[in-house]
Each structure stands twice: as C-alpha cells, then as structure tokens.
Amino acid sequence: MEPWYAFMIPALGKGIRALSRLARHGGSALPGKVIEACDPDFLARTLAQLPGGVVLVSGTNGKTTTTRMVASILESLGMRVFTNPTGSNFTRGVVSALLDKVDMKGAIDADIAVLELDEAYAVHFVHQVEPKYALLLNVMRDQLDRFGEIDNTAKLLGEVARHTTGTVVLNREDPRISALSREIPIGTQCAYFGLAPAMRKYFPDDDNMHYDNMHDDSMHDDKTDAHGSEEAATLAEPDQMTPEPSADVTLDGLVDHGAIFRMDGATLQTTVRLEGVYNLFNAAAALTVVGRVIRNAPSDSKASAADAHAMLKALSHVTPAFGRGEVIDFHGTPVELVLVKNPMGFRLALASFDPAGHDTMIVINDDFADGRDMSWLWDVEFTTLRQTGVAVVSGVRAWDMALRLDYDQVHVGATETNPATALEAFLAVNPSQPKRIFCTYTAMLKVRTLISHLTKVADAGL
Amino acid sequence: MAEVIDIVSLYPKDMNIYGDSGNLLTIERRLRLYGYEPTIHHYNQDDSWPDHVDMVLGGGGQDEGQRKIIRDLCKRGELLRGLAHQGVPMLMICGLYQLFGEYFQPIEGDRLPGICVLGAHTIGEKLRLIGNLVEHSQRFGSVVGYENHSGQTFLHEGTKPLGEVDAPNTGNNGSDHTEGAMNDNVIGTYMHGSLLPKNPDIADFLIAKAVELRYGSFNPQPTQKALSELKRLDTLAQHARAVAMRRPR
C-alpha cells in the first residue's frame, strides 16, 4: 500500500544516496535499506510503470555478464533499459539503483527493466513484483554454506518460475534447471537455450565433475527426465523418454574471438569481446530472452524490427562486466581480472584462459559473499597451471590455495595473505609481462580498489 | 617394484559433494611419496568389486544421491562390514558416514537403512549445522574442517566419537558435544572433503593401517626429494590450519 508520504520517497532516497556517497559509504545497500523499511511498496509501484515489464536473471553463475548482455543488446536495438549495477543483486540494491533513475515524482524513464538477482533474493523479489520474463541460468555448487543443498537452490528458482507471467527461459543442459519447466504456470511460455551436442564436452555439469566421470557417455542422461517444451511433450508417448526440447538458440561452435550460434533455424557466426566459453553459452541465454522480448515489442517500435543479425551485431559490441575478464591497463601492461566463485566456474576459467605468456596470481577470500567453505577448491583441477606455475597466491585463504596447488604439483612463487603486499610484488616483478588474476568476489573488489590506487580504473558504478 | 596399495573410492559419481576427491588425492600423493604404488578403484553402483581392497574412501552426497546408491550399498554391506572387522581403514564423510551407521531417517520420505559398520543412527532435522569447525580428538589432536549437514547423528554405546566439540549446535547432533565416529579403523565424520589435506595425521594413520594390514609393517622409504615434498606439504597444511582455526563459523 502506498503510504501518505510516498510522494517524498524519491527525494528522501536520493538524499540518503547522496549523503552515503559523500560519506564514502561505498556500497549501494544503505539507501535501499531505508526506503524498503519506510515504503515497502516503492519497488513494485515504480517497476509497474515499465511497459515492457521486468526481465529477471538468476542462477548461480554468470548473472552479471548475462544481465549486461541482455541490457546492452536491448539498448542497441532501441529500447530504454533500466538495469541494476554490477554486484547489487539483492532487492535493496535494485531499490538503490531505482532511486538514481526516477525523477522527483517517482516516474521512471525506461521501457523495460533487466535485473540480476541472487537466488534467494529473487524469491523475495518475485513476491513483490512478478517478472514478465525469467532467465534461469544454472544451479551449481556455489555457496552451499548458504543454501545447504544444490536441490534447495533449484527449489528457490522454481518459485521464480511459478511467479513469471510471460516467458520463462531455461537452460536445457542443466537437469535441475530444465526440470523447472514443470513449475511454469498455465499461460506462461517456456523457452530454452542450449548447446549443440559437440559443445557439451566443454560444460560437464557438477554431478559429473569428478575426474573419473569426465569421459562418461551417459553424462547427459539425467536430462531425459526433464519435462519437454509444449511441442516436445505432445510428441512423446507417456512411457517413453521425453525427447530433448528444442531450444530457441544453441551455441554450436567456437571460433577465434567468436562463436557460432543456431538461431531461428539458421547458423550464424559473430565475433565477441567477451572471454571464456561460459560467456558464449551465457550469450545464447541472453539471445534467447532478447528474442522473446522482441517478439512482444510493440509493432511500431524500432526493437520489433530486429532480426537475428541485428541481435548478433549488438552482441558483438558487449564488453565484459567489471571483474569478469575485465582487462585493466597498468602502465601499458594488461592486467586481467577473472572472477571465480565455484568449482565449475574456476574450471571453465582455467580452460578458457591460456596461462602461457601471462603471470598468474590467485586471490582467495572466505568472507560471507565468497562462501566460507574452502572445500570447493578441491573440486578444481589446476594441472593446466603446471607449465607456468602461479607467481603469487594471496587472500585470507592463501595457504589453503597454496596447499591445493601443491597437491596438483603446481609451483607457487610466493604466498602472502595480505593482498596489497602481494599485488605490489606481483606487478613489480616482470613489469612488461601480461598479468592475470583469478579472484573470489570480495578479493576481486579489493584487488580492483588496490589497482585503482596505482592507475586509472573505470568507475564500476557501485 | 613398489608395493601396491588398493584404494576404493566409493560411489564417486553420486557421493562426492564439495571436495571429497581431495581426500583421495591426498592419500594417493602421500602414498607415492612414501614409496608405495597406489591403485585407485572408482566403484559406482553395479560395478564389479575389486579383487583386493586395502582402504575405502567415501564422500558426501545430497539426499537424492544417497537414495541412488542405497540399494547397491546394502548389497555390499556384508562385504564392507567384513573388511572393517579385518581392520581395513576407511574414511566416510557426511552422506556415507550417515549410511555407514544403522539408519538415516530423512526429514521427508522413507528411512534409509544403513550398513551398520558404525554404531550410530541419523535423524534429519530442519536446523542445519554449518560452518568452520575445530574438534579435539584424543588420537589426532585438533581436527580442522567445515561441517554442513541437517542430519543429526547419535552414537550408540561402544562407538567412540572422532572428536569433541565445544560449542552447542556443532558436531554430530548439536547437543552432546561429539563429532564423527570411530570403530576399528573406520572413521566417519561430517568434516568436509578437504579433511585430509589439512589434517595429514589422519591421512598418515589411514595409510599406515592399510600398509600394515597388507604387508605386515609400514616402513616408508621416501627419496630425498620426496622427503622435502612431504615437508613442504606439511608446512603448507600447518599454515592453512592456523588460518582456518581463526575463521568465523
């Protein structure tokens, strides 16, 4: 319900936001927290104005980059997009971001919102605002210390699917995600993104991560218990295995600095400015949801005329989100930050970035946002780093990382828990050699701040 | 030719949540450094059982994973009980720890029968016991790890815990200050997959027992290079333990 003082909320929120910035409070949580407390309906009321509705992006891995792709592509196609800045994937982060975007009357100048939300907060969010589109990426072994079991995380995303009014876009290759098609309400559509069979070897799922299972042909058998799309379901006999549901967009191949997608029955190639095979799969996810949004765009709008070529052209201009393969220029030497949050993400990052020609540093923290449990490091195989070794290991759990690397017989140059000391040494030795830093979430924020004290780094919008 | 030690990794497909393979890696590397030849047998449902077994390692799984393996585990129950009585060292983490007891009653669904290698039973509860943990073990001193379980385990008379915990809502069941269980040379514990790397004394206990049982005595003959590698691993483990012991739950 709208409180009597609702008319003051934008001004109040903007005031708090300005003050908290002056006080160098840094994070975006405080203004959102205050506004959520005095006007719990602010979020729903403000987002309800958007003619295109809300696109909600959730899942364990790749939310930030995928959200950035969806928002950038829609913008390139002529839509006015509201999105939450990197990292503020809690509802109060969205409220804070909205405060920046609304005018003093609370009006918002956008056609559509593209929001990334953490799995738990996505549930909180959909109880306030029903999204028109939900893009559910994956459920991985991340933050088991918060959600307990992977199956619990899938249940949280099921709640998101149940509250989506337009289209739910699911990862066909993740059995826990594709099974969520059963949760989609009547009247809401279901769409998939996927991988061509030849690409599946790049993406072993968590359940098959153990090294002795990696070459198992039955790797994707689990998928057959997934509920098919409408077309697929009607084709199947009740007692037969459900055939694979068809995907709007599949990632069909990799080329140097690019990818091959299958969209609307056509095979199309594009270059990308993103690194890592997982980002190309995320691109298939982004293209799928964008395609569905465009189908629903008003026929007189610029976006409604967009075709697969226009979408791919827009994709080719998307740059990495901060800290996710972002390259910072350090006095002429490229320093690449690669966020790693869970075993699959770390494995894919190691598979995507050739260590040759780079000095490598790894920074591991165990703060709440990183997850306190360090066991996950044992699910990553580091043998690809044997050739080059790791120059410096840092962060609160540097010694855990060093121990892990030693068990994989990877040489570690130095172990220094203080990231400032470690970073300084890392940048000073071998100054012209390109650098790559793998880091957990809070470590990435820290490293980025430390580098920004030494050179100019783009504003992250936090 | 180095003497062979046969190690069974139990149900790695369904019971390997969060780093359990780290235990296998630790045993494998240390055995090699001590001058033995580890042979790893990955045993999943309906596989044939290896001819010779000197050590068994098992991990955790989700409730769903436990349901998948239960029929096969019951089929192998008598065999595993026999090996345990002979003194074959075993390490069971989390999910398999529960199923090595007498039964596991999950919060939803049917009771899962255990194979009674350890005198204990487990009841599923809403409250999850989760966080960094240090326990005090008579045999191994401080044991450092991370627990994450909603099943609460109760030890039966005659079964010793692996260690004692200080704080309420930690350990086997949150109330009796015990953690894990030990019977013969079988260890069950909720300490996660990275148990052995950070607790090399337990790794060496399992190794010594396995070698003694097979070859009569444990006489490691590490090369000079192996000795320095072992020393480095133990120093790294010491540092990692010290940090882990200071971290919040």
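Residues numbered from 1 in each chain as written. Chains lettered and ligands numbered in written order. Predicted model: local features only at pLDDT ≥ 70, side-chain atom pairs only at ≥ 80, totals over all residues. Heavy atoms only, no water.

A.B. asks: Explain the overall build of chain B here, please?
C.D. replies: Summing up its helical and strand segments, chain B has 7 helices and 12 strands in all. Over its C-alpha trace chain B gives a radius of gyration of 17 Å, about what one expects of a compact globule, namely 18 Å for 249 residues. Seen through its principal axes, chain B has C-alpha atoms that stretch 55 × 45 × 30 Å. Going through the 249 residues of chain B one by one, you find that 59% of them count as buried. Working note: accessible area of chain B is about 9800 Å², and carbon and sulfur atoms make up 48% of it. Treating the 25 positive side-chain charges of chain B as one cloud and the 31 negative ones as another, the clouds have centres 5 Å apart. (Helix = DSSP H or I, 4+ residues; strand = E, 2+ residues; numbered from the N terminus. Rg over C-alpha atoms; globule rule 2.2 N^0.38 Å. Buried < 20%, exposed > 50% of the residue type's maximum accessible area, 1.4 Å probe, protein only. Areas by Shrake-Rupley, 256 points an atom, 1.4 Å probe, with all protein chains shown as cover. Lys, Arg positive; Asp, Glu negative; His and termini not counted. Charge placed at Lys NZ, Arg CZ, Asp CG, Glu CD.)

A.B. asks: Whenever I open this one, the overall build of chain A confuses me. Can you help?
C.D. replies: Counting its regular elements, chain A contains 16 helices and 15 strands. Buried positions account for 59% of the 462 residues belonging to chain A. Looking at chain A alone, contacts between residues at least 24 apart form 71% of all its contacts between residues at least 6 apart. Entry remark: accessible area of chain A is about 18400 Å², with carbon and sulfur atoms responsible for 53%. (Contact = heavy atoms within 4.5 Å.)

A.B. asks: Looking at this structure, I do not really get the state of the cysteines. What am I missing?
C.D. replies: Two cysteines joined by a covalent bond between their sulfur atoms form a disulfide. Residues and elements named next belong to chain B. The tally for this structure, following the rule as stated, stands at 0 disulfides over all chains. Distance from the sulfur of cysteine 116, which forms no disulfide, to the nearest cysteine sulfur (cysteine 74) is 9.2 Å. With relative accessibility at 40%, the residue cysteine 116 sits in the partly exposed group. (Disulfide = S-S within 2.5 Å.)

A.B. asks: Before we go on, may I ask you to explain the nonpolar core in this structure?
C.D. replies: In summary, soluble globular proteins display a tendency toward joint burial of nonpolar side chains. Phe261 and Phe346 of chain A are the most contacted members of the largest nonpolar core, which has 78 residues in total. Sequence-distant contacts of phenylalanine 346 of chain A, that is, excluding residues within four places in its chain, are made with Val340, Ile362, Ile364, Trp376, Val380, Phe382 and Phe438 of chain A. Of all hydrophobic cores here, the second largest spans 72 residues; its members include Ile7, Met90, Phe205 and Leu233 of chain B. (Core = buried A, V, L, I, M, F, W, Y, C linked by side-chain atoms within 4.5 Å.)

A.B. asks: Even after reading the chapter, I still don't get helix H12 (residues 308-316) of chain A, so can you show me in this structure?
C.D. replies: Owing to its 3.6 residues per turn, the α-helix aligns residues three or four sequence positions apart on the same side. Taken together, the buried positions of H12 of chain A are occupied by Ala308, Met311, Leu312, Ala314, Leu315 and Ser316 of chain A. Those residues of H12 of chain A hidden inside the fold are in contact with helix H4 (63-76), strand E8 (258-263), strand E9 (266-271) and helix H11 (277-295) of chain A.

A.B. asks: Explain the packing of H4 of chain A against H11 of chain A here, please?
C.D. replies: When two helices pack together, their arrangement is captured by the angle between the axes and the distance separating the axes. Residue and element names in this part refer to chain A. Here H4 crosses H11 at 40 degrees, and the two axes come no closer than 9 Å. In terms of orientation, H4 lies oblique with respect to H11. The interaxial crossing formed by H4 with H11 has right-handed handedness. Of the residues in H11, those touching H4 at Thr65, Thr66, Met69, Val70, Ile73 and Leu74 are Asn279, Asn282, Ala283, Ala285, Ala286, Leu287, Val289, Val290 and Val293. (Axes fitted to C-alpha atoms, helices over the stretch in contact; angles between N-to-C directions. Parallel < 35°, antiparallel > 145°, perpendicular 65-115°, else oblique. Left-handed = near helix turned anticlockwise from the far one by under 90°.)

A.B. asks: Whenever I open this one, the interface of chain B and chain A confuses me. Can you help?
C.D. replies: When the parts of a complex come together, some accessible area is lost, and that lost area is often taken as the interface size. Taken together, the contact between chain B and chain A spans 41 residues of the former and 37 residues of the latter. Roughly 3600 Å² of surface becomes buried between chain B and chain A when both sides are summed, with 52% attributable to carbon and sulfur atoms. A per-residue breakdown of the area chain B buries against chain A is headed by Lys13, Tyr18 and Gln62 of chain B, which together make up 20% of the total. At the surface where chain B touches chain A, the tally comes to 5 salt bridges. One salt bridge connects aspartate 406 of chain A with arginine 29 of chain B, and the closest N-O pair in it is separated by 3.4 Å. Going through the elements one at a time, helix H1 (21-33), helix H2 (63-75), strand E7 (120-137), strand E8 (141-155), helix H5 (195-198) and helix H7 (224-246) of chain B are the ones with two or more residues in the side of chain B that touches chain A. Tallied by class, the residues present in the side of chain B that touches chain A amount to 15 nonpolar, 14 polar and 12 charged. (Buried area = accessible area lost by both parts, 1.4 Å probe. Salt bridge = Lys/Arg side-chain N within 4 Å of Asp/Glu carboxyl O. Nonpolar A, V, L, I, M, F, W, Y, C, P; charged D, E, K, R; others polar.)

A.B. asks: Would you explain the UniProt feature "binding site: substrate" (unreviewed entry) in chain B in this entry?
C.D. replies: Residues and elements named next belong to chain B. When the UniProt feature table is mapped onto this chain numbering, "binding site: substrate" (unreviewed entry) sits at Arg128. By the secondary structure assignment, arginine 128 is in strand E7. Look at arginine 128 and you get partly exposed, because its relative accessible area is 24%. (UniProt positions renumbered as here; feature names shortened; annotations may be inferred.)

A.B. asks: Help me out: how do you make sense of the packing of helix H6 (residues 119-126) of chain A against helix H8 (residues 150-162) of chain A in this one?
C.D. replies: Residue and element names in this part refer to chain A. Contact geometry for H6 and H8: axes closest at 9 Å, N-to-C directions at 25 degrees. As judged from the angle between their axes, H6 and H8 are roughly parallel. Crossing angle aside, the handedness with which H6 passes H8 is left-handed. Residues Glu119, Ala120, Ala122, Val123 and Val126 of H6 touch H8, and the partners they reach there are Thr153, Leu156, Leu157, Glu159 and Val160. Residue classes in the contact of H6 with H8 are distributed as 7 nonpolar, 1 polar and 2 charged.

A.B. asks: It is not clear to me how the side chain of threonine 189 of chain B should be interpreted in this structure. Could you clarify?
C.D. replies: Residues and elements named next belong to chain B. Within the fold, threonine 189 resides in strand E12 (residues 186-189). Judged by relative accessible area, threonine 189 falls into the buried class, the value being 0%. Within the local environment of threonine 189, its side chain forms a polar contact with the backbone nitrogen of methionine 191, the two atoms lying 2.9 Å apart. Here threonine 189 is in contact with Leu91, Met92, Ile93, Cys94, Tyr97, Leu162, Glu179, Gly180 and Leu195, once residues within four sequence places are set aside. (Polar contact = N/O pair within 3.5 Å; in protein donor to acceptor, adjacent residues only side chain to side chain.)

A.B. asks: So what exactly am I meant to see when it comes to the pairing of strand E6 (residues 189-195) of chain A here?
C.D. replies: Moving residue by residue along a regular strand, the side chains alternate between the two faces of the sheet. Residues and elements named next belong to chain A. Where burial is concerned, most of E6 is hidden: 5 out of the 7 residues are buried. Pairing of strand E5 (residues 167-171) with E6 involves 5 bridges; the strand directions are parallel. Counterpart to threonine 167 in the pairing with E6 is glutamine 189. (Pairing = 2+ DSSP bridges.)

A.B. asks: In this structure, what is going on with the pairing of strand E13 (residues 390-394) of chain A? I would like to understand it.
C.D. replies: All names here are of chain A. Most of E13 is tucked away: 4 of the 5 residues are buried. Looking at chain direction, strand E12 (residues 359-363) and E13 are connected through 3 bridges and run parallel. Directly across from isoleucine 362, in E13, lies its bridge partner valine 393. Relative to strand E14 (residues 412-416), E13 is paired through 4 bridges, and the arrangement is parallel. When the sheet's bridge partners are listed, valine 392 is paired in E14 with alanine 414. In this region the chain leaves E13, passes through helix H14 (residues 398-407) and returns to the parallel neighbour E14; the handedness of that crossover is right-handed. (Right-handed = clockwise from strand over helix to strand, strands pointing away.)

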